[in-house]
Amino acid sequence: MTKNELTVKTDRLILRPLERSDFDAVLSYYSLPDVQRYLDWKARDKIEAKVAFDALRKQTRLTRPGEIITFAIVRKTDGAVMGHVSLRWADAHAAQGEVRFALGPAFRRQGFGSEAVNAVITMGFADYKLHRIFAVTAGKNEAAAKLLKHLGMRLEAHYREHALFQGEWDEELHFAILDREWQRSAKVRDLSRHKVA
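Residues numbered from 1 in each chain as written. Predicted model: local features only at pLDDT ≥ 70, side-chain atom pairs only at ≥ 80, totals over all residues. Heavy atoms only, no water.

## Notes on the nonpolar core
Phase 1 of the analysis: Counting 37 residues, the largest nonpolar core has Leu15, Phe71, Ile73, Val85, Val99, Val120 and Ile121 as the members making the most contacts within it.
Phase 2 of the analysis: Elements represented by at least two residues in this core include exactly β2 (13-16), β3 (68-75), β4 (81-91), β5 (96-103), α4 (112-126), β6 (132-138), α5 (142-150) and β8 (168-178).
Phase 3 of the analysis: In terms of residues, this core owes the most to one element, α4, which gives 8 residues.
Phase 4 of the analysis: Leu18, Tyr30, Ala52 and Val74 belong to the second-largest nonpolar core, a separate cluster that totals 15 residues. (Core = buried A, V, L, I, M, F, W, Y, C linked by side-chain atoms within 4.5 Å. Buried < 20%, exposed > 50% of the residue type's maximum accessible area, 1.4 Å probe, protein only. Helix = DSSP H or I, 4+ residues; strand = E, 2+ residues; numbered from the N terminus.)

Quick look at the structure:
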């Protein structure tokens, strides 16, 4: 895919590469403490936020391990940039990818996050022939965990108090789904519940 072809449309969203004009919209959620806690690039001020934003804008290829595609999550009705979602090629031999996402508070709990993540996972399996896609979230990020479970991802690990973060013990949840599980009908549900102690 070229940068011009990197557009995904869903019922309510357009996923497209970030543009320079998206900076203020991204900054409005990216700089919030509850979002910053989970991001790779910290942004303590506008200069650091611009550096992080420019790095996200360059993430437009998925041709080898380590590369990332990042999309702006844009609402079709008014063009509002609500957040961003990424797919990272994590491992070539095992054909694994990682999905990451951030959504502004005003757009949460309306299904936009699920719709965007669903589209990127589908793209990862259909277009890039990944075998397994995983996501990592903080134990306290209940909304993200709920979204990933809703999409059918399985909780594979719960790392309890694995690291000190801002003076308190941090917990991490690891979710994943295989290509063959994703292809099953949404009406098919496992009878057993996956639990990790």
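## What about the pattern of salt bridges?
Phase 1 of the analysis: Overall, the coordinates contain 12 salt bridges when judged by the stated rule.
Phase 2 of the analysis: Salt-bridge contacts for Lys50 lead to Asp54; the nearest nitrogen and oxygen are separated by 2.8 Å. One end of the pair, Lys50, and the other, Asp54, are both in helix α3 (residues 46-57), 4 residues apart, so they sit about a helical turn from each other.
Phase 3 of the analysis: Residue classification places Asp54 among the partly exposed positions, given a relative accessible area of 26%. (Salt bridge = Lys/Arg side-chain N within 4 Å of Asp/Glu carboxyl O.)

## Focus: the packing of aromatic side chains
Phase 1 of the analysis: For the coordinates displayed, the defined rule picks out 2 aromatic pairs.
Phase 2 of the analysis: Both rings, one in Phe23 and one in Phe53, keep their centres 5.3 Å apart while their planes meet at 65°; by these two values the pair is edge-to-face. Of the two residues, Phe23 sits in helix α1 (residues 23-30) while Phe53 sits in helix α3, which places them 30 residues apart along the sequence.
Phase 3 of the analysis: For Phe53, a relative accessible area of 2% gives the class buried.
Phase 4 of the analysis: With a centroid separation of 6.3 Å and 45° between ring planes, the pair formed by Phe125 and Trp182 is classed as tilted. (Phe/Tyr/Trp six-rings, centres within 6.5 Å; stacked < 30°, edge-to-face > 60°.)

## So, the pairing of β5
Phase 1 of the analysis: Burial within β5 is extensive, with 6 of its 8 residues counted as buried.
Phase 2 of the analysis: Across 8 bridges, β4 lies against β5 in antiparallel orientation. The residue bridging Leu87 from the neighbouring strand is Val99, located in β5.
Phase 3 of the analysis: Here β4 folds back onto β5 in antiparallel fashion, the turn holding 4 residues, of which Ala95 has a positive phi close to 50°.
Phase 4 of the analysis: Direction of pairing for β5 relative to β6: parallel, over a ladder of 3 bridges. Bridging across to β6, Gln96 finds its partner in Arg132.
Phase 5 of the analysis: Once the chain exits β5 it traverses α4 before rejoining the sheet at β6, and the crossover so formed is right-handed. (Pairing = 2+ DSSP bridges. Right-handed = clockwise from strand over helix to strand, strands pointing away.)

So, to be careful, I would describe these as geometric facts and stop short of saying anything about function.
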